[in-house]
Amino acid sequence: MRLIILSLPDAACDKIFATAKDICDGAVMKHREDSDDTSRWTLHILADDDCRQNLLDAIQSELDSQDDWRLAIIPVDTSLPRKEEEEEDAEPDPEEEAEKAMKLPGGLSREEIYEQVERQGRIDRAYLVFVLLSTVVAAFGMLEDNVPVVLGAMVIAPLLGPNLALSVGVALGDGKLILRSAAALVIGTVLSIALGFMIGLIMPISEADELLSRTDIGFDGLAIALASGAAAALSLVTGVSSALVGVMVAVALLPPATAIGLFLGFSQGYHALEAGVMLLMNVVCINLSAQAVMLTRGITPRRWYEKKRAKRHSVINGVIWLSLLVVLAVLLWLRQPS
C-alpha cells in the first residue's frame with residue numbers, strides 16, 4: 001500500500017475527496033493545512049495497488065489546469081486493521097477470489113516506475129564510477145577464472161538500469177528518457193570496452209574458462225536472455241526488487257562488454273566479435289522482452305496524444321529489436337556445426 005498526501009486548494013478539495021472515496025477502499029482523510037492560508041486542504045489517502053493508478057489519473061485530470069497543488073507517495077509498511085480482517089466477515093465471491101489468485105503480485109503506478117528508472121538512466125559520476133569498478137572486477141575475475149569475483153561484477157550491473165529506463169521511455173513515449181538512457185547505455189558500454197582493452201594490453205593472454213565462456217553463444221543463451229529480460233521488467237513494474245539480483249546474474253551485460261575489450265587487447269579479433277554478439281544478444285533480448293512486459297501490464301501514458309506518441313515509439317522500437325533478434329537467430333543458426 002501507499003500513503004498519498006495531496007495538498008490542494010479549497011475549490012478542488014471536495015471533488016477530489018469524493019473521487020478518492022469512490023475509487024479507493026482505503027481510508028481517506030482531509031484536514032486544513034496548518035498555515036495562515038485557510039483556503040488549502042491536505043488529503044491523506046491510503047491506496048493499494050488495485051486503485052492507485054486510477055486514483056492518480058483522476059487527480060491529475062482534475063488538477064491539470066491548476067499549478068498550486070502537490071502530491072507525494074509514501075510506502076506503507078503496515079496498515080491496521082488489515083484489509084483481509086475487514087473483509088473476513090463478508091461472503092466471498094468465487095469469481096473475485098479466482099481473479100485475485102490469477103493476478104500478478106504488486107503493480108506500481110507509472111509515476112512510481114518512472115521515478116525509479118529516471119535515476120537509473122542518468123549519466124552522472126556515480127554511474128561512470130560503477131561502470132569502471134565493475135569492469136575492473138569483471139576483467140580480473142575472468143582473467144583469474146574466479147567465478148565468485150565475476151558474479152560480484154554481475155551483481156553491480158550498472159548497464160541493466162539504462163536498458164530498463166529505455167524500455168519505460170518507449171512505453172511512455174518519453175523521448176528525453178529514451179535518448180538519455182540510450183546515451184547512458186552506449187557510453188557505459190564503450191567505457192567498459194575501452195578499460196577492458198587497456199587491461200588486455202598490459203596483461204598476458206589468458207585462456208581462462210570464465211573469459212572464453214563469453215564467446216559461447218547459442219540458442220539457449222537467447223532463451224535465457226529473453227526470459228531474464230522479462231523477469232527484470234516484471235520485477236520493476238511489480239516492485240519485487242529482490243528478483244533483480246537473479247536477473248543481474250542470468251543476463252549479465254558488463255562481463256561480455258569487458259571481454260570484448262580484453263580480446264581486442266589480446267589481438268584476438270574473432271573472440272572479440274563473438275563476445276560482441278553475446279552482448280548484443282543480451283541487450284536486444286532485454287529490451288524486447290521488457291517492452292512486451294510493459295505492453296501486457298498496461299504501462300502507458302495518461303493523455304490520449306501521449307498514448308498515440310508512445311504507440312508510435314513502441315512500434316518503431318519493436319520492429320528494430322525484432323529485426324535484430326532475427327539477424328542474431330540466423331547468425332546462431334549458421335554458427336551451429338553441420
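Not measured: the values here are computed from a predicted model. (Residues numbered from 1 in each chain as written. Predicted model: local features only at pLDDT ≥ 70, side-chain atom pairs only at ≥ 80, totals over all residues. Heavy atoms only, no water.)

## Focus on the pairing of strand β1 (residues 2-9)
For clarity, the threshold we go by: Exposure is judged per residue with a 1.4 Å probe applied to protein chains only, and the accessible area is read against the type maximum: over 50% gives exposed, under 20% gives buried, and values in between give partly exposed. Numbering goes from the N terminus for both helices and strands, where a helix is a DSSP run of H or I of at least four residues and a strand is a run of E of at least two. If DSSP finds at least two bridges between two strands, the strands pair.
Across the eight residues of β1, six count as buried, placing the element largely inside the fold. In the sheet, β1 pairs with strand β3 (residues 40-47) via eight bridges, with the strands oriented antiparallel. Residue pairing in the sheet places Leu8 in a bridge with Trp41 of β3. Examined bridge by bridge, β1 and strand β4 (residues 70-75) share six bridges and lie antiparallel to one another.

## Remarks on the layout of surface pockets
To be explicit about the condition: Lining residues are defined by having an atom within 4 Å of a point belonging to a cavity or pocket. Those points lie on a 1 Å grid over the protein atoms alone, cavities being sets where a 1.4 Å probe fits but cannot get out and pockets being open sets with protein on both sides within 12 Å along at least five of seven lines. Grid points are joined across faces, edges and corners, and a volume is the space filled by probe spheres set on the points. Asp, Glu, Lys and Arg are counted as charged, while Ala, Val, Leu, Ile, Met, Phe, Trp, Tyr, Cys and Pro are counted as nonpolar; the rest, among them Gly, fall into the polar class.
The volume enclosed by the second largest pocket comes to roughly 790 Å³. Considering each element in turn, the lining of the second largest pocket owes the most residues, seven residues, to helix α5 (residues 110-120). In terms of residue class, the lining of the second largest pocket is made up of nine nonpolar, three polar and 13 charged.

## Re the UniProt feature "transmembrane region" (unreviewed entry) in the protein chain
Definition in use: UniProt positions are given in the numbering used here, feature names are shortened, and annotations may be inferred rather than shown by experiment.
The sites that UniProt annotates as "transmembrane region" (unreviewed entry) are residues 126-143, 149-172, 184-205, 217-237, 244-266, 272-295 and 315-334. Along residues 149-172 the backbone is 88% helical and 0% strand, and the end-to-end C-alpha distance reaches 37 Å. The span residues 217-237 is 90% helix and 0% strand, and its two end C-alpha atoms sit 30 Å from each other.

## A word on the environment of Lys15
As a reminder of what qualifies: Distance and chemistry together define a polar contact, namely a pair of N or O atoms within 3.5 Å, with one atom able to donate a hydrogen and the other to accept it when in protein, and with adjacent residues in sequence counting only for side-chain atoms on both sides.
With respect to the helices, strands and loops of the structure, Lys15 is situated in helix α1 (residues 10-23). Along the sequence, Lys15 and Glu62 sit 47 residues apart, while their C-alpha atoms lie 8.7 Å from each other. Within the local environment of Lys15, its side chain forms a polar contact with the side chain of Glu62, the two groups lying 3.3 Å apart.

## So, the side chain of Asp57
Cut-off, in case you're wondering: Any two residues having at least one pair of non-hydrogen atoms within 4.5 Å are treated as being in contact.
Here Asp57 is to be found in helix α2 (residues 49-63). Judged by its relative accessible area of 17%, Asp57 falls in the buried class. Each residue touching Asp57, except ones within four places of it in the same chain, is listed here: Arg110, Glu111 and Arg302.

## Comments concerning the confidence of the model for the protein chain
Heads up, the rule is: The quantity known as pLDDT measures the predictor's confidence residue by residue, on a range of 0 to 100.
With 86% of its residues at a pLDDT of at least 70, the protein chain reaches an overall mean of 82. Every residue in residues 98-105 is under pLDDT 50, and counting partners more than four places away or in other chains gives six contacts.

## Looking at the sheet that holds strand β2 (residues 28-32)
Inclusion rule: In this analysis, axes come from line fits to C-alpha atoms, helices being fitted only over the stretch in contact, and the angle between any two N-to-C directions falls in the range 0 to 180 degrees.
Overall, antiparallel pairing links the four strands, which are arranged β2-β3-β1-β4 in an open sheet. Each edge of the open sheet is held by one strand with a lone partner, namely β2 and β4. Averaged over neighbouring strand pairs, the angle between their axes works out to 15 degrees when direction is ignored.

## Here we look at the packing of aromatic side chains
The criterion, for reference: Centres within 6.5 Å are what make two rings of Phe, Tyr or Trp a pair, Trp counting through its six-membered ring; a difference in plane orientation under 30 degrees is then read as stacked, over 60 as edge-to-face, and the rest as tilted. Two thresholds decide whether a charge sits over a ring: the Lys NZ or Arg CZ must be within 6 Å of the ring centre and within 35 degrees of the ring normal.
With the rule as written, the count across this model stands at one aromatic pair. Ring centres 5.9 Å apart and planes at 90 degrees place the aromatic pair Trp304 and Tyr305 in the edge-to-face group. For Trp304, a relative accessible area of 66% corresponds to the exposed category. One cation-aromatic arrangement involves Lys30 over Phe17; the distance from NZ or CZ to the ring centre is 4.9 Å. Positioned above the aromatic ring of Trp41 is the side chain of Lys30, whose terminal nitrogen or guanidinium carbon lies 5.1 Å from the ring centre.

## Some words on a nonpolar patch on the surface
Note the following rule: What makes a patch is a set of residues exposed beyond 30% relative accessible area and free of salt bridges, joined within 9 Å when like-charged and within 5 Å when nonpolar (Val, Leu, Ile, Met, Phe, Trp, Tyr). Note on areas: these come from Shrake-Rupley sampling with a 1.4 Å probe, and a residue is covered only by the protein chains present in the view. A carboxyl oxygen of Asp or Glu within 4 Å of a side-chain nitrogen of Lys or Arg is what we treat as a salt bridge.
On the surface, Phe197, Met198, Leu201, Ile202 and Leu264 cluster together to form a nonpolar patch covering roughly 500 Å² of accessible area. Element by element, the count of residues in the nonpolar patch is highest for helix α9 (residues 175-202), at four residues. Relative to the elements of secondary structure, Met198 occurs in helix α9. For Met198, a relative accessible area of 48% translates into the label partly exposed.

## What about the environment of Ile59?
Structurally, Ile59 is set in helix α2. On the basis of relative accessibility, which here comes to 1%, the residue Ile59 falls in the buried class. For Ile59, the contacting residues outside a window of four places in its chain are Leu6, Ile16, Ile45 and Leu71.

## Some remarks on the nonpolar core
Selection criterion: Residues grouped as a nonpolar core are buried Ala, Val, Leu, Ile, Met, Phe, Trp, Tyr and Cys residues, joined through side-chain atoms within 4.5 Å.
Counting 64 residues, the largest nonpolar core has Val168, Leu211, Leu262 and Met294 as the members making the most contacts within it. Here this core takes 14 residues from helix α14 (residues 269-296), the largest share from any one element. Setting aside chain neighbours within four positions, we find Leu262 in contact with Ala139, Met142, Leu143, Gly196, Phe197, Ile199, Gly200 and Leu211. Ile4, Ile16, Val28 and Ile45 belong to the second largest nonpolar core, which has 18 residues in total.

## Quick word on the side chain of Arg302
In this structure, Arg302 sits in the loop between α14 and α15 (304-335). One polar contact links Arg302 to Ser61, side chain to side chain, over a distance of 3.3 Å. At a separation of 3.1 Å, a polar atom in the side chain of Arg302 contacts the side chain of Asp64. Discounting chain neighbours no more than four positions away, the residues touching Arg302 are Asp57, Gln60, Ser61, Asp64, Arg110 and Lys307.

## Let's talk about the pattern of salt bridges
The final tally for this structure, using the stated rule, is 13 salt bridges. For Arg2, the salt bridge goes to Glu112, with nearest N and O atoms at 2.8 Å. Separated by 110 residues along the polypeptide, Arg2 in strand β1 and Glu112 in helix α5 bring together distant segments of the chain. This pair shows no difference in class: Arg2 is buried, exactly as Glu112 is. In this structure, the salt-bridge partner of Glu111 is Arg110, at a minimum N-O distance of 3.4 Å.

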